[in-house]
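Each chain, written out:
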Amino acid sequence: MHISDHPAAAASFFKMFDFTHKLSMIIDHIAIHNNIRTRGVTVSVLLAVSTAILILACNATFKLLRYYCLQPWALVRALQAQGLKGPVPRFLLGNISQIVETRNEMEVYDMEIGDHNILSRICPYYCQWSAEYGKTFVFWWGTEPRIPATDSEILKEILFTKSEYFGKSSIQLKGGVLLLGNGLIFANGTDWAKRRQIIAPAFHIEKLKEMVPLIVNCTSQMLRTWDQVLKTTEGSVEMDVCEQFAGLTSDVIVQTAFGSCCFNNGKKVFQLLKSLERIYTEYNRRIWLPGCRFLPTPLNREASRLQQEMQGSLKAIIEARNKCDNECSSRTNDLLGLLLAESNKNHIYSTEQKFGAKELVEECRTFFFVGHETTYLLLTWTIMLLALHPYWQEQARAEVMEVFKGRDPQADLLNKLKIVGMIFNESLRLYPPAPTLLRTALSDVQVGSLHVPKGTTFWIPILAIHHDPTLWGADANEFKPERFSESLGNSSRHLLSFLPFSSGPRICVGQTFALTEAKVVLVMLLQNYKFWVSPKYRHAPTSMITLKPKYGMPMIIEKV
Ligand code: HEM
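Residues numbered from 1 in each chain as written. Predicted model: local features only at pLDDT ≥ 70, side-chain atom pairs only at ≥ 80, totals over all residues. Heavy atoms only, no water.

## Regarding unusual backbone geometry
In step 1: The phi torsion at Leu-92 lies on the positive side, around 65°, for a residue other than glycine.
In step 2: Note on placement: Leu-92 falls in the loop between helix 2 (43-80) and helix 3 (96-106).
In step 3: For Leu-92, a relative accessible area of 23% puts it in the partly exposed group.
In step 4: Backbone geometry places Ser-502, a non-glycine residue, at a positive phi of 65°.
In step 5: Here Ser-502 lies in the loop between helix 19 (469-472) and helix 20 (511-528). (Helix = DSSP H or I, 4+ residues; strand = E, 2+ residues; numbered from the N terminus. Buried < 20%, exposed > 50% of the residue type's maximum accessible area, 1.4 Å probe, protein only.)

Encoded structure:
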């Protein structure tokens, strides 16, 4: 256990240091008056240091004991007293080992291509436990109790009516910060409200419209390279579209959110994120005891080196943007422009709400990750579904041809794409890029008939909700875009059955950005190419933070 792993222990260390100093001065005073000295080192110093070490050790032990034993034990009792059952947790690990083992077992095999019943593969532990204990049970992620929430009335309370009682826990922060950064996505309370207020204007619909030509430009560059490859082959080519879309969406987020002067450093950040993702995957395959991540193992050392390089590249982006020429400074309303303006302000906010250089770096890191990862996955799964369903591929192409008549996509016409919208919704339902959500009670709160103690987390399995036959019908695992023929607002179906972007005040801030980008790219793809699934494709969806195809998405591509 490292001292920095536990902020409270770190604080007590510094208090103790101060205390040692004062104690040593008092004892020194007594020692000098009584003439007690041993080889130049006063007895007082030795006495004070050993007393301080003892007190420090007791204090830290008590805090660790409270954090890892007493608090979880109190939570177990409070939840059990209300009749909540669940799998038996192990000391410190909770049910992590069962989760990791069942997931690894399922991933040994590939699925049939065209089989969209992926819940039992992605969340096998949930299927097993919900069959055994019913809809509401409790399992443990380390020392954090997690209660699945799928009922719409409960979801309404967590995400809307009582959302202020919920936030992100320190365990979630520790798990995700490696990739996602400690930005808006992990903030709580007034800190979250302040950050959201600064960031939201960058995603205003009018701002997004200005970004469409930039997205068209980035997509054209990708398609030019595809055309060049196609010229050298006999009319068709095989390509891993997952890799292609990852590159494209990273170019788009750098250009639209950070400015063109950041391009090279932006590329570097994405390479580093890719390496960090490999490490994160490796971390998730193992079972970790608290503090293990601070041991100097080769994996931990590599993670720390990459983290440092990442901080360096992000700082370079911020410096470059600060010095940037007119091209960038005219776009002060993009994401980085807004963040820089905020951090350059003379702050009237309390230290807690301060938006300084550190916050700026972390926020940029969040946007680098979430700004491209989820959108390239939406595009990847959508192309797979269209390749498997030529009827819908043709319907979508016909609509695109009718609306744009072969021209580049324009912002004002994008909302005329009804069929394309239905296809994206159905793709987000079957393959939600963010398959689960977590909401931790920041104080005691009543939810439905449950008294939820502070520290309890609701685990919202978006994937399970989206595949639930009681909500979506017996054909819930089939690709049927016609389900979304009514607009979502008019649909009689409960809004909380479809949560790809979450809902309530913490709904994805980049939702419209992502859908605008995805539409522009899909329009340009359908105008130019036809898609078939390659015989090399292995259907093996896997989930770490996001839901992705384990072995990429090789596709056969042909000119229209
Ligand atoms: C298909 C694409 C996307 C999907 C499916 C998606 C999904 C989500 C979900 C489910 C959440 C809630 C997470 C939670 O509360 O734990 C979320 C939050 C967030 N998303 Fe997205 N997202 C997408 C694209 C984007 C893009 C393009 C950006 C930015 C450019 C973005 C930025 C964010 C941020 C900053 C949050 C945190 C919001 C807050 O807590 O106030 N997302 N997203």
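The structure having been displayed, the exposition proceeds.
## Some details on the packing of helix 15 (residues 357-388) against helix 16 (residues 390-404)
Each packed pair of helices is defined by two parameters, the angle between the axes and the distance between the axes.
In step 1: It is at 5 Å that the axes of helix 15 and helix 16 come closest, and there the two elements cross at 110°. Classified by the angle between their axes, helix 15 and helix 16 sit roughly perpendicular to one another. In this structure, helix 15 uses Leu-386, Ala-387 and Leu-388 to contact helix 16, whose residues at the interface are Pro-390, Trp-392 and Gln-393.
In step 2: Counted by class, the contact of helix 15 with helix 16 contains five nonpolar, one polar and no charged residues. (Axes fitted to C-alpha atoms, helices over the stretch in contact; angles between N-to-C directions. Parallel < 35°, antiparallel > 145°, perpendicular 65-115°, else oblique. Contact = heavy atoms within 4.5 Å. Nonpolar A, V, L, I, M, F, W, Y, C, P; charged D, E, K, R; others polar.)

## What to know about empty space enclosed by the protein
By rolling a water-sized probe across the atoms, one finds the places where empty space is left.
In step 1: The full count for this structure, using the stated rule, is two cavities of 30 Å³ or more.
In step 2: Volume-wise, the second largest cavity comes out at about 40 Å³.
In step 3: Lining the second largest cavity are Ala-202, Phe-203, Met-211, Ile-253, Thr-256, Ala-257, Leu-335 and Phe-513.
In step 4: Looking at the lining of the second largest cavity element by element, the count peaks at three residues for helix 10 (residues 241-258).
In step 5: Tallied by class, residues from the lining of the second largest cavity come to seven nonpolar, one polar and no charged. (1 Å grid on protein atoms, 1.4 Å probe; cavity = no way out; pocket = protein on both sides within 12 Å on 5 of 7 lines; lining within 4 Å. Points joined across faces, edges and corners; volume = space filled by probe spheres on them.)

## Topic: the coordination of the iron atom of the ligand
In step 1: Protein coordination of the iron atom of the ligand is limited to a single donor, Cys-508 (SG), which sits 2.3 Å from the metal.
In step 2: Structurally, the position occupied by Cys-508 is in the loop between helix 19 and helix 20. (Donors = N, O, S within 2.8 Å, 3.2 Å for Na, K, Ca; no water.)

## A look at the confidence of the model for the protein chain
Atomic detail in the predicted coordinates should be set aside for any region of low pLDDT.
In step 1: In the predicted model, the protein chain carries a mean pLDDT of 85, and 86% of its residues have values of at least 70.
In step 2: Of all the helices and strands in the protein chain, helix 1 (residues 7-34) carries the lowest mean pLDDT, 51, while helix 16 carries the highest, 98.
In step 3: Taken as a whole, residues 1-14 scores under 50 in pLDDT and shows 22 contacts with residues more than four places along the chain or in a different chain.
In step 4: Scored as a whole, the predicted complex attains pTM 0.87, and scored at its interfaces, ipTM 0.99. (pLDDT = per-residue confidence, 0-100.)

## Re the sheet that holds strand 1 (residues 139-141)
In step 1: Strand order in the open sheet formed by five strands is 1-2-8-5-3, with mixed pairing between adjacent strands. Strands with a single pairing partner mark the edges of an open sheet, and in this sheet they are strand 1 and strand 3 (166-167).
In step 2: The sheet contact formed by strand 3 and strand 5 (residues 437-441) spans two bridges and is antiparallel. For Gly-167, the partnering residue across the bridge sits in strand 5 and is Thr-440.
In step 3: Of the strands in this sheet, strand 3, strand 5 and strand 8 (457-460) touch helix 6 (residues 152-161), which is tilted by about 115° from strand 8. (Pairing = 2+ DSSP bridges.)

## Here's the deal with the pattern of salt bridges
In step 1: A full pass over the atoms with the stated rule returns 25 salt bridges.
In step 2: The closest approach of N and O atoms between Glu-107 and Lys-550, which form a salt bridge, is 3.5 Å. Of this pair, Glu-107 sits in the loop between helix 3 and helix 4 (119-122) while Lys-550 is found in the loop between strand 11 (547-549) and strand 12 (554-559), placing the two residues 443 residues apart along the sequence.
In step 3: For Lys-550, a relative accessible area of 34% translates into the label partly exposed.
In step 4: Close ionic contact of Glu-277 with Lys-548 constitutes a salt bridge, the shortest N to O distance being 2.5 Å. Highlighted residues: Glu-277 in helix 11 (residues 263-285) and Lys-548 in strand 11, separated in sequence by 271 residues. Exposure class is identical for Glu-277 and Lys-548. Each is buried. (Salt bridge = Lys/Arg side-chain N within 4 Å of Asp/Glu carboxyl O.)

## Some remarks on helix 15
In step 1: The end-to-end C-alpha distance of helix 15, which contains 32 residues, comes to 47 Å, matching closely the 46 Å that a straight helix rising 1.5 Å per residue would cover.
In step 2: Counting buried positions over the 32 residues of helix 15 gives 27, a clear majority of the element. (Expected span 1.5 Å × (residues − 1).)

## What about the sheet that holds strand 4 (residues 236-240)?
In step 1: Here we have three strands laid out as an open sheet, ordered 4-12-9, and antiparallel in their pairing. Strands at the two margins of the open sheet, each flanked by one partner only, are strand 4 and strand 9 (529-533). The average angle at which neighbouring strand axes cross in this sheet is 35°, direction not considered.
In step 2: Across five bridges, the pairing between strand 4 and strand 12 is antiparallel. Paired with Val-237 across the bridge in strand 12 is Ile-557.
In step 3: On the sheet, helix 9 (residues 205-231) packs against strand 4, strand 9 and strand 12 and is oriented at approximately 75° with respect to strand 9.
In step 4: Against the sheet, helix 15 touches strand 9 and strand 12, its axis set at about 85° to strand 9.

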